[in-house]
Amino acid sequence: MTCHVVPKERAGVVNPIFTCQPAGAQFASIGVKDCIGIVHGGQGCVMFVRLLISQHLKESFEIASSSLHEDGAVFGALNRVEEAVDVLLSRYPHVKVVPIITTCSTEVIGDDVDGVITKLEEGLLAEKFAGREVHLLAMHQPSFVGSMISGYDLAVRDFVKKFAEKGEPSEKITLITGWVNPGDVKELKHLLKEMEIEANVLFEIESFDSPLLPSKDNVNHGNTTVEDLRNTANAKATFVLNRYEGGKAADFLKKKHKVPSVIGPTPIGIRNTDTFLKQLSDVTGKPIPKKLVHERGVALDAIADISHMFLAEKKVAIYGAPDLVIGLAEFCLDLEMRPKLLLLGDDNSKYVEDPRIKALQENVDHEMEIVTNADFWELEDRIKNKGLELDLILGHSKGRFISIDYGIPMVRVGFPTYDRAGLYRYPVVGYNGAAWLAEQMANTLFQDMENKKNKEWVLNVW
Ligand code: SF4
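Residues numbered from 1 in each chain as written. Predicted model: local features only at pLDDT ≥ 70, side-chain atom pairs only at ≥ 80, totals over all residues. Heavy atoms only, no water.

Looking at an unreviewed UniProt entry, the protein chain carries the name Fe-only nitrogenase subunit beta, with the source organism given as Rhodomicrobium udaipurense. As its UniProt record puts it under Sequence similarities (unreviewed entry), the protein chain is described as follows: "Belongs to the NifD/NifK/NifE/NifN family." (UniProt positions renumbered as here; feature names shortened; annotations may be inferred.)

Novice: Looking at this model, I keep getting lost on the overall build of the protein chain. Mind explaining?
Specialist: A count of helices and strands for the protein chain gives 18 helices and 14 strands. Against the globule reference of 23 Å for 462 residues, the protein chain gives a C-alpha radius of gyration of 23 Å, in line with a compact fold. Principal-axis analysis of the C-alpha atoms gives the protein chain an extent of 75 × 50 × 50 Å. Counting contacts in the protein chain only where the partners sit at least 6 residues apart, residues at least 24 apart contribute 75% of the total. When the accessible surface of the protein chain is summed, it comes to about 20200 Å², and 52% of that surface belongs to carbon and sulfur atoms. (Helix = DSSP H or I, 4+ residues; strand = E, 2+ residues; numbered from the N terminus. Rg over C-alpha atoms; globule rule 2.2 N^0.38 Å. Contact = heavy atoms within 4.5 Å. Areas by Shrake-Rupley, 256 points an atom, 1.4 Å probe, with all protein chains shown as cover.)

Novice: Looking at this structure, how should I read the site of the ligand?
Specialist: Looking at the ligand, the residues that line it are Cys20, Pro22, Cys45, Thr103, Cys104 and Ser143. Across the shell around the ligand, the residue classes tally to four nonpolar, two polar and no charged. (Near = heavy atom within 4 Å. Nonpolar A, V, L, I, M, F, W, Y, C, P; charged D, E, K, R; others polar.)

Novice: What is the right way to look at the domain arrangement of the protein chain in this model?
Specialist: Reports of interface size often rely on the accessible area that becomes lost once the parts have come together. Taken domain by domain, the protein chain holds domain 1 (3-14 + 291-458), domain 2 (21-160) and domain 3 (173-288). For domain 2 and domain 3, the distance between their C-alpha centres works out to 24 Å. On the side of domain 3, 33 residues touch domain 2, which itself brings 26 residues to the contact. Three residues stand out in domain 2 for area buried against domain 3, namely Tyr152, Asp153 and Val160, and they jointly supply 24% of the buried area on that side. Connecting domain 2 to domain 3 are one salt bridge. For the salt bridge of Lys248 with Asp153, the shortest nitrogen-to-oxygen distance reads 3.4 Å. At the junction of domain 2 and domain 3, the tally comes to 11 residue pairs in polar contact (both at pLDDT 80 or more). (Domains from an automatic or database assignment. Buried area = accessible area lost by both parts, 1.4 Å probe. Salt bridge = Lys/Arg side-chain N within 4 Å of Asp/Glu carboxyl O. Polar contact = N/O pair within 3.5 Å; in protein donor to acceptor, adjacent residues only side chain to side chain.)

Novice: Where do I start with the UniProt feature "domain: Nitrogenase/oxidoreductase component" (unreviewed entry) in the protein chain in this structure?
Specialist: According to UniProt, the positions carrying the feature "domain: Nitrogenase/oxidoreductase component" (unreviewed entry) are residues 20-445. A helix fraction of 48% and a strand fraction of 13% characterise residues 20-445, whose end C-alpha atoms lie 33 Å from each other.

Novice: How should I be thinking about the pairing of strand 7 (residues 199-202) in this particular structure?
Specialist: The two faces of the sheet receive side chains in turn, since in a regular strand these alternate between them. A two-sided burial pattern is seen for strand 7, the buried positions comprising Ala199 and Val201 on one face and Asn200 and Leu202 on the other. Bridging between strand 6 (residues 173-176) and strand 7 involves four bridges; their strand directions are parallel. For Ile176, the partnering residue across the bridge sits in strand 7 and is Leu202. Handedness of the strand 6-helix 8 (residues 182-194)-strand 7 crossover: right-handed. (Buried < 20%, exposed > 50% of the residue type's maximum accessible area, 1.4 Å probe, protein only. Pairing = 2+ DSSP bridges. Right-handed = clockwise from strand over helix to strand, strands pointing away.)

Novice: It is not clear to me how the packing of helix 13 (residues 322-334) against helix 14 (residues 355-363) should be interpreted in this structure. Could you clarify?
Specialist: Axis angle and axis distance: for two packed helices, these are the angle between their axes and the distance between the axes, and together they describe the pair. Packing of helix 13 against helix 14 leaves a shortest axis separation of 11 Å and a crossing angle of 35°. Taken as a pair, helix 13 and helix 14 cross one another with a handedness that is left-handed. Listed contacts from helix 14 to Asp323, Ile326, Glu330 and Leu333 of helix 13 are Arg356, Ile357 and Leu360. (Axes fitted to C-alpha atoms, helices over the stretch in contact; angles between N-to-C directions. Left-handed = near helix turned anticlockwise from the far one by under 90°.)

Novice: Hey, could you run me through the nonpolar core in this one?
Specialist: One broad rule of soluble globular proteins: the nonpolar side chains tend to lie buried together. Judged by nonpolar contacts, the single largest core of 130 residues is most densely connected at Phe159, Phe203, Leu379, Leu394 and Met441. Apart from residues lying up to four places away in sequence, Met441 is in contact with Leu311, Phe331, Cys332, Leu335, Met337, Leu392, Leu394 and Val411. Membership of the second largest hydrophobic core comes to 21 residues, among which are Ile38, Ala84, Ile117 and Leu125. (Core = buried A, V, L, I, M, F, W, Y, C linked by side-chain atoms within 4.5 Å.)

Novice: Where do I start with the side chain of Asn272 in this structure?
Specialist: As for its placement among the helices and strands, Asn272 is situated in helix 11 (residues 269-284). Classification of Asn272 as buried rests on a relative accessible area of 7%. Excluding its chain neighbours within four sequence positions, the residues that come into contact with Asn272 are Pro265, Thr266, Pro267 and Glu330.

Novice: Explanation requested: the environment of Leu88 in the structure shown.
Specialist: Within the secondary structure layout, Leu88 lies in helix 4 (residues 78-91). Judged by relative accessible area, Leu88 falls into the buried class, the value being 6%. Through-space distance from the C-alpha of Leu88 to that of Tyr431 is 42 Å; in sequence the pair is 343 residues apart. Apart from residues no more than four positions distant in its own chain, Leu88 is found in contact with Ile36, Ile38, Ala64 and Val98.

Novice: Is there a simple way to think about the sheet that holds strand 2 (residues 38-40) in this case?
Specialist: The strands that make up a sheet pair up through hydrogen bonds in the backbone, lying either parallel or antiparallel. Here four strands make up an open sheet; going across it, the order is 3-2-4-5 and the pairing parallel. The strands lining the two open edges of the sheet, one partner per strand, are strand 3 (64-65) and strand 5 (135-139). Relative to strand 4 (residues 97-102), strand 2 runs parallel, the two sharing three bridges. Within strand 4, the position partnered with Val39 by the bridge is Ile101. Across the sheet, helix 1 (residues 21-29) is in contact with strand 2, strand 4 and strand 5; its angle to strand 4 comes to roughly 170°.

What follows is the structure in structure tokens.
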């Protein structure tokens, strides 16, 4: 076997690939309409996360903080939650959904958020806000376990658990996209529309690629409604595109409401998009239309122009969210590239059992390493001290200094990608995503050859 899965051996982290759990819950909460989350912790638990999301999407949106101070950290701070809910509901008359997202400090001091929600429902909501539709829900997000990925997964489950309600069976499916970009949501909706399939989309964040309008309303929000969340219990099936960013919600819907689930694959690349469409067709009985076959052909043609000539044998390192990394590695293999190193940034023990990782272990015919609980030092150390030679790096903006310092070209993909313009608009999923990704990789390699004055390329008339 030439593909090894190894955990990071050092204690501690040097330059983390992920941020902490509550970040995932915050990203999920901005996808729900009429929802503002309250993060129960210090202001930094919101400020830095909100900044990161804003830098990535280049948009403005609302997340609140209970703004815990020293006294709260010692004596408990449930009074801050009570005050925060009151202020939030008073200032924002449209808000219906308020997730209360805990953090490391409030989990350590043991604030009883579930208890305070019951108190608020019986007191504040029943009296001051009587007659108004308001839903409070607790999201326990201790940041000393997991990562932003598990935080997102837990938050999706918590939303579904709170609202899913059995009613009349529906022909709709539920699509849990995972932590993707507005461009991905647009592309996924396009695929569903072409197949004439209706869906509850969790979470509908296409609107975060928003226009500037004469009304000057520049605060964004997602468009998944309470109704969409309720209907997840009645859907024909739950489709989860990213196993680690929605799998828990699908398990809940299956166990509690008997909704069948289809987990993955992440539709990155031609092969995985084919599988996704086939699964949609099998579940709904809807055929794959000619228009999508045509789109597939256009993507294949674009790939054929570059793969064998320019991408084949190129050695790649990929880091970031596990489903994205695995999907990109599968796509790179289809393009005849050589993924040499995959870095998964948390210690989820399930990664080693992932069927896609097992398939890589069985099928890859070159030396490849998959590191779990990885940080950026794992990448840098291999380049600097262990002779790892790379032609390309795929990952988010946080790893750009390794690319800059070692002169290795890089394609930005994942979250966050704040040092390149507009990447949130482009999908990496679907046939359009496959063509775009392959061309991005090729163009990045072309630019690098120019920068390094590669004569063969400079004189090329391809
Ligand atoms: S690690 Fe803890 S204190 Fe730091 S941002 Fe995350 S939740 Fe807040």
